[in-house]
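# A closer look at the structure
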Amino acid sequence: MTINKSIRVTFPASEKIYINGAINKVRVGMRQITLNDTQTVDNAGTVSYKPNTPLIVYDTSGPYSDPKISSLLQTGIPRIREEWCKRRKDIVPITPLVYKAKEGKNITQLSYAKRRIITPEMEYVAIRESQHIESLGLKSYITPDFVRKEIAAGRAVIPANINHPELEPMIIGSKFLVKVNVPMYTTSSASPIEGELEKMIRNCKWGADSFIDLSRSGDIATAQNSYLKNCPVPIGSIPLYEAFQQAGEEVAALNWEVYRNTLIEQAERGIDFVVVHAALLQAHIDKTLPRLTGIASPAGLLMAEWIHHHQKENFLYTHFEELCDILRQYDVTLVIGNSLGAGSIYDAGDSAYYAELKTKGKLTDIARENLIQTIVEGPDCLPMNKMEEEMKEQQYTCRQAPYFIYGPLTTDISYGYDHIASAIGAAQMASLGASLIGCVMPTCHDLPAINKEEYRTAIHTHKIAAHAADVAKGHPGAQARDNALSKARIEQRYKDFCHLAIDPEKALLAYKNKIKEKE
C-alpha cells in the first residue's frame, strides 16, 4: 500500500504556536486565535482602539495544522516521543521501531509517578491543560508535579504506548479537561485506507481527544498500523474483536492463547489503551434474565456466549495477572470494560450492573498493584435521576479511577438524535467526575455507515458537553473562551465571535448567511 498524499488542517484567524517545557525538552502545540481590537468612541467622537490579547486553546489537530511540518500519509507524522522513551534507557528494540521494557524494568507512567519522576509526558500535559492562561493574568494549579501526584494516586492516566511515538500526550482524570473519545471502524479489506485516514484527521481537527477502533472485520492489523503512524491522539481497541476474528469467528476456538497473541500484537503496533471485558463473571449472567434488553454490549455478549459454551469462568478474569504483565511491558493503559451496562433506561442500575461493578473494583486494585494505568468503563444508558448515585458508587468501588462513559443515553426514544440524548448525560456525568466521554452518533445503531457531517455534529455536540462540565468544575481557564466570545459579541466584533466558537467554520457560514438575508 502506497499513500503519497499530504493533508493540511486550517482554522480561521488561527496559528500554530509552541510552548517550551522547563524540565524536559518538550514543545507543546497549541492553537492561538487572533482577536481584533476593541473600538471605542469618546464623548468628543474620537475613535480609539485597544488590543485584545490572543486566546490560546487546546489543540488536537497535531502537526496537520503546522504549515512548517510535512504531513505525508505514507511516511507518517513526526515521532516526537521516541527520543523521550530512549532517553530513559529502560526499553529494548524487538524489531526496528518496535520496543518493550527491559527485563526487570517498569516503564508505565504510574511507576514513574510513584518513583517521583516527572516524565516529559507529564510536563507536556501540564502545559497543555493550562492553555497558557498566564497570558491572560490567570493562574493554574495544574503543574507537572500536580500531574505526577494525580497519576501516582491512580486518579489520572496518560495513555501513551511506547510504540506510538507520534502521540502528543494527553491526560484523563477528573481534575483535568474532560476528553471526548470517537469511534473508528475498518469496514472491509477493500475499504480504501486513505479515506479512513482523512476521516481520522478531520475528526482530530474537530476535537477528537482519542479514538477507539471498534472494527470486527477487514484487515484490522494493517489499518491500525496506518492509523497509529498518522495519529497525534491516543488510539484504543477492543482486542476481543480481533481475537475472535483470529479464532475464525468460532466461540469454541476462542481462548486465552489466541487473545494473548492478539493483545501482544496490538501492543507492539502501538495501541495506547485496551478495553478488556474481564469483570463479567459466570455468576453475573443469570442476573440479566429479568432485563428488557438483556446483555447489550457486543463484547459482553460474546464473553457470555463463551462462558456458556465452555462452562468455565471468563478467561480474561482467570488470566488477569498475566494480562497485566503484557500491558506493563509497553505501558498500554487498561480500560476495565463494561459488559453488563444496560441497553435501555428500564434496565439501568440493576443488580447485574452493580455485581459487575464490584468485580471492576477488585480488578482495579489488582491492576494498580501491577502498576498498570487503569480506567473504568461505565454505563451506556442511564436516566438523569440515577446519575449522582451511580457516580458515587463507581468512585467508591473503583477508588476514584478515571471514568469512561459512552454518553450515557438519557432516554431510549432519541434515535436520529442520539448525540443529543448522549450529550445531556455526558455533561451531567462529567460535571460529577467522569473523565472521558464517548462520542455517540445521531443514529448510534448504524455505526459503520456514519458520514462526515454526522461525525462533525456528534463530535462538536460532545465537545460542548465536555466544555460545559469543565466550566461547572471550575477548570483553570475553562471560562476564558466564553468570556472572550461574550466580549466580542457585546462589542459587535462578529468575526471574532465566530472565530471563538466551538466550530468556527460553521459559525462563520451561519453569520454570512444571516448577513445575506438582511441585504
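Read on for a plain summary of the structure.

Parameters and conventions
- Sequence order as written defines residue numbering, which begins from 1 separately in each chain.
- Given that this is a predicted model, residues contribute local features only at a pLDDT of at least 70 and side-chain atom pairs are listed and counted only at 80 or more, while totals for whole chains, interfaces and linings are drawn from all residues.
- Note that the side-chain values use all heavy atoms of the structure and ignore hydrogens as well as water.
- Strand pairing is assigned whenever DSSP detects at least two bridges linking the two strands.
- Strands are runs of DSSP state E lasting at least 2 residues, helices are runs of H or I lasting at least 4, and numbering of each runs from the N terminus.
- Angles here are taken between N-to-C directions and fall from 0 to 180 degrees, while the axes themselves are lines fitted to C-alpha atoms, restricted in helices to the stretch in contact.
- A simple rule labels every residue: compare its accessible area, found with a 1.4 Å probe on the protein chains alone, to the largest value its type can have, and call it buried under 20%, exposed over 50%, or partly exposed in between.
- The criterion used for residue contact is that any of the two residues' heavy atoms lie within 4.5 Å.
- To count toward a patch, a residue needs a relative accessible area above 30% and no salt bridge. Like charges then connect within 9 Å, nonpolar side chains (Val, Leu, Ile, Met, Phe, Trp, Tyr) within 5 Å.
- The accessible surface values rely on the Shrake-Rupley method and a 1.4 Å probe; as for residues, cover is taken only from the protein chains in view.
- Any Lys or Arg side-chain nitrogen found within 4 Å of a carboxyl oxygen on Asp or Glu counts as a salt bridge.
- Pairing of aromatic side chains here covers Phe, Tyr and the six-membered ring of Trp, requires ring centres within 6.5 Å, and sorts the geometry by plane angle: under 30 degrees stacked, over 60 edge-to-face, intermediate tilted.
- By definition here, charges over rings are those cases where NZ of Lys or CZ of Arg is within 6 Å of the ring centre and within 35 degrees of the ring normal.
- The set of buried Ala, Val, Leu, Ile, Met, Phe, Trp, Tyr and Cys residues whose side-chain atoms join them within 4.5 Å is what this entry labels a nonpolar core.

Another aspect to go through is the sheet that holds strand S15 (residues 374-377). Read around the barrel, 8 strands follow the order S10-S11-S12-S13-S14-S15-S16-S17 and close on themselves; strand pairing throughout is parallel. Taken over all neighbouring pairs, the strand axes of this sheet differ in orientation by 25° on average, direction set aside. Here 4 bridges tie strand S10 (residues 179-184) to strand S11 (residues 210-213), and the two strands are oriented parallel to one another. From the neighbouring strand, Asn 181 faces S11, where its bridge partner is Ser 210.

Another aspect to go through is the environment of Ile 490. Within the fold, Ile 490 resides in helix H16 (residues 480-490). Residue class for Ile 490 comes out exposed when judged on its relative accessible area of 70%. Distance from Ile 490 to Ile 193, taken between C-alpha atoms, is 46 Å for residues 297 residues apart in sequence.

A word on the sheet that holds strand S5 (residues 55-57). The 3 strands lie next to each other as S1-S2-S5, forming an open sheet whose pairing is antiparallel. Edge positions in the sheet fall to strand S1 (14-20) and S5, since each of these pairs with one other strand and no more. Across the sheet, the axes of successive neighbouring strands diverge by a mean angle of 40°, strand direction being ignored. Two strands pair when backbone bridges link them, and strand S2 (residues 27-33) and S5 are joined in this way by 3 bridges, in the antiparallel orientation. Residue pairing in the sheet places Gln 32 in a bridge with Ile 56 of S5. Across the face of the sheet, helix H3 (residues 120-130) comes into contact with S1 and S2 while running at roughly 10° to S2.

Our focus in this paragraph is the pairing of strand S6 (residues 91-95). Across 4 bridges, S6 lies against strand S7 (residues 98-101) in antiparallel orientation. In the sheet register, Val 92 faces S7, and the bridge partner there is Lys 100.

Before going further, it helps to spend a moment on a nonpolar patch on the surface. Taken together, the side chains of Met 384, Tyr 417, Ile 420 and Ile 424 present a nonpolar region at the surface, about 400 Å² in accessible area. Note on placement: Ile 424 falls in helix H14 (residues 418-432). A relative accessible area of 39% means that Ile 424 is categorised as partly exposed.

Scanning the model with the defined rule gives 9 aromatic pairs in all. Taking 6.0 Å as the distance between ring centres and 50° as the angle between the ring planes, the aromatic pair formed by Trp 84 and Tyr 124 counts as tilted. Separated by 40 residues along the polypeptide, Trp 84 in helix H1 (residues 82-87) and Tyr 124 in helix H3 bring together distant segments of the chain. Each member of the pair Trp 84 and Tyr 124 is classed as buried. Through successive ring pairs, a cluster of aromatic residues spans Trp 256, Tyr 259, Trp 306 and Phe 315. Lying across the ring of Phe 11, Lys 205 places its NZ or CZ 5.5 Å from the centre.

The next subject is the pattern of salt bridges. A pair can form between side chains of opposite charge whenever their charged atoms are brought close. In this structure the tally under the stated criterion is 26 salt bridges. The partner of Lys 463 in a salt bridge is Asp 209, and the shortest N-O contact between them spans 3.0 Å. Of the two residues, Lys 463 sits in helix H15 (residues 452-473) while Asp 209 sits in the loop between helix H5 (193-206) and S11, which places them 254 residues apart along the sequence. Accessibility classification places Lys 463 together with Asp 209 in one group, the buried group. In this structure, Asp 325 and Arg 328 form a salt bridge, with 2.6 Å as the shortest nitrogen-oxygen distance. Taken as a pair, Asp 325 and Arg 328 lie in helix H11 (residues 320-328) at a separation of 3 residues, close to a single helical turn. Judged by its relative accessible area of 34%, Asp 325 falls in the partly exposed class. Here Arg 328 falls in the buried class, since its relative accessible area comes to 17%.

Below, the discussion takes up unusual backbone geometry. The residue after Gly 407, namely Pro 408, is reached through a cis peptide bond having omega 5°. Of note, Pro 408 is situated in the loop between strand S16 (403-406) and H14. With phi around 55°, Asp 331 is a residue other than glycine that occupies positive phi space. A positive phi angle is found at Gln 492, which is not glycine, with a value near 60°. Of note, Gln 492 is situated in the loop between H16 and helix H17 (494-499). Overall, the relative accessible area of 57% leaves Gln 492 in the exposed class.

Before going further, it helps to spend a moment on the nonpolar core. Grouped together as the largest cluster of nonpolar side chains are 115 residues, with contacts concentrated most on Phe 211 and Tyr 259. Excluding residues that lie within four positions of it along the chain, Tyr 259 makes contacts with Pro 239, Leu 240, Ala 243, Val 275, Val 276, Phe 315, Leu 316 and Leu 323. In this structure, Leu 110, Ala 126, Val 147 and Ile 162 belong to the second largest nonpolar core, which totals 23 residues.

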